[in-house]
Amino acid sequence: MSAPDTLALVGAGKMGSALLGGWLAAGVEPGRIAVHDPAPSESLRALAAEKGFALNPPHAAAEAVVLAVKPQALDAVAAGIASLFGRDTFLLSIIAGKTVDNLSARLPVSAILRAMPNTPAAVGRGVTGVFANPATSSDQRAKAQFLLSGVGGVEWVEREALIDAVTAISGSGPAYVFYLVEALAEAGRRLGLPADLALRLARATVEGSGELLHRQPEISAEILRKNVTSPGGTTQAALDVLMAPDGLAELMARAAEAARKRAEDLSG
Ligand SMILES: NC(=O)c1ccc[n+]([C@@H]2O[C@H](COP(=O)([O-])OP(=O)(O)OC[C@H]3O[C@@H](n4cnc5c(N)ncnc54)[C@H](O)[C@@H]3O)[C@@H](O)[C@H]2O)c1
């Protein structure tokens, strides 16, 4: 697996910067990378000075263009980046909702991959779902795999519509987990714990539980749950509430469907 010869990143905010960090960590030569962002952060400027990648150079056609701007910015951005595309360029878009048809209607490119990473990418522990349209070559798919694996695991999907489902589960998923920390802390506060202690307990519980999952990939979440749950004990009492027919599984399914639907709505 190898990096594209030349690489243009359009949009270096939270997710674009995380990808860029992954490429640099994976040993991509900074001289091959051009980053385009009209509002670069201080840390991005400092990184460009330290590593030597080009920040907002004149446009030149690249082998790969990675698009990491907000969906609402796509029309304005697309109007200004046509010159990044040459005959053999492929596009890797991480924009939520925007379909291959949306992208090919706005940009002079036919080989298009849609990827959906998540914010743990910033520490190399993300997971990305990716779809490649039929116009991509196996070499381009391998190069996309290389670019995405710099920030964590990569999972391919065969149908484009499944990218919206990936968005609803792992793309948005970190927010659900962080909200779980907030909700658990709030429950602790209601039980009489000082707010700061409740937050420390909730946060450490999610961190530690995530670490157990990470370090013991052969043990299922179900078994890890059962290991906490003494018959007739405290955990079972709580799970009876969470696992009721109108409990967390139902609520999570409704939340994920709302996210999937929103991704569909953003496609226009
Ligand atoms: N944040 C997430 O959890 C996440 C996860 C997966 C995918 N995404 C997708 O990634 C994309 C970026 O999200 P983000 O959270 O990094 O947003 P962000 O706001 O942090 O970054 C967007 C960047 O685009 C830049 N930008 C605006 N106009 C531009 C232009 N004309 N040319 C180049 N750059 C321009 C902005 O200056 C900013 O740095 C979105 O489409 C989102 O759907 C985000």
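Residues numbered from 1 in each chain as written. Predicted model: local features only at pLDDT ≥ 70, side-chain atom pairs only at ≥ 80, totals over all residues. Heavy atoms only, no water.

An unreviewed UniProt entry annotates the protein chain as Pyrroline-5-carboxylate reductase originating from Rhodoblastus sphagnicola. Of the protein chain, the UniProt comment under Sequence similarities (unreviewed entry) reads exactly: "Belongs to the pyrroline-5-carboxylate reductase family." The Subcellular location (unreviewed entry) comment attached to the protein chain in UniProt states, word for word, "Cytoplasm". (UniProt positions renumbered as here; feature names shortened; annotations may be inferred.)

Quick look at the side chain of Lys98
Within the secondary structure, Lys98 sits in the loop between strand 5 (85–93) and helix 4 (100–106). If we ignore the near neighbours within four places in the chain, the residues touching Lys98 are Pro71, Leu74, Leu103, Arg114, Leu266, Ser267 and Gly268. (Helix = DSSP H or I, 4+ residues; strand = E, 2+ residues; numbered from the N terminus. Contact = heavy atoms within 4.5 Å.)

A few points about unusual backbone geometry
At Asn56, a position not held by glycine, the phi torsion is positive, near 55°. Since its relative accessible area comes to 38%, Asn56 is described here as partly exposed. (Buried < 20%, exposed > 50% of the residue type's maximum accessible area, 1.4 Å probe, protein only.)

Focus on the site of the ligand
Neighbouring the ligand are 21 residues; Lys14, Met15, Asp37, Val69 and Ala96 lie closest to it. Separating a nitrogen atom of the ligand from a backbone N or O atom of Gly11 is a distance of 3.5 Å. Look at the ligand: alone it shows 830 Å² of surface, and the protein chains cover 77% of it. When atoms are counted within 2 Å of each cavity's grid points, the one that captures over half of the ligand is the second largest pocket. For the shell around the ligand, the class distribution of residues is 14 nonpolar, four polar and three charged. (Near = heavy atom within 4 Å. Polar contact = N/O pair within 3.5 Å; in protein donor to acceptor, adjacent residues only side chain to side chain. Areas by Shrake-Rupley, 256 points an atom, 1.4 Å probe, with all protein chains shown as cover. 1 Å grid on protein atoms, 1.4 Å probe; cavity = no way out; pocket = protein on both sides within 12 Å on 5 of 7 lines; lining within 4 Å. Sits in = over half its atoms within 2 Å of the grid points. Nonpolar A, V, L, I, M, F, W, Y, C, P; charged D, E, K, R; others polar.)

Quick look at the environment of Gly27
You can see Gly27 is positioned in the loop between helix 1 (14–25) and strand 2 (33–36). In this structure the C-alpha to C-alpha distance between Gly27 and Gly150, which are 123 residues apart in sequence, comes to 9.5 Å.

Quick word on a nonpolar patch on the surface
Together, Leu242, Met243, Leu248, Leu251 and Met252 make up an exposed nonpolar region whose accessible area comes to about 450 Å². Top contributing element to the nonpolar patch by residue count: helix 11 (residues 248–265), with three residues. Tracing the chain through its elements places Leu248 in helix 11. The class for Leu248 is partly exposed, based on a relative accessible area of 42%. (Patch = residues over 30% accessible without salt bridge, like charges linked within 9 Å, V, L, I, M, F, W, Y side chains within 5 Å. Salt bridge = Lys/Arg side-chain N within 4 Å of Asp/Glu carboxyl O.)

A closer look at the pattern of salt bridges
Overall, the coordinates contain 17 salt bridges when judged by the stated rule. For the salt bridge of Lys51 with Glu50, the shortest nitrogen-to-oxygen distance reads 3.7 Å. The class for Lys51 is partly exposed, based on a relative accessible area of 39%. Between Glu211 and Arg215 there is a salt bridge, with the nearest N and O atoms lying 3.1 Å from each other. You can see Glu211 and its partner Arg215 sitting in helix 8 (residues 195–215), four residues apart, about one turn around the helix. Since its relative accessible area comes to 30%, Glu211 is described here as partly exposed.

Notes on the sheet that holds strand 5
Taken in spatial order, the eight strands make up an open sheet running 3-2-1-4-5-6-7-8, and their pairing is mixed. In this open sheet, the two edge strands, each paired with only one partner strand, are strand 3 (54–55) and strand 8 (152–156). Sheet topology note: the strand 4 (residues 62–67)/strand 5 ladder contains five bridges and is parallel. Bridging from a neighbouring strand, Ala64 pairs with Phe90 of strand 5. (Pairing = 2+ DSSP bridges.)

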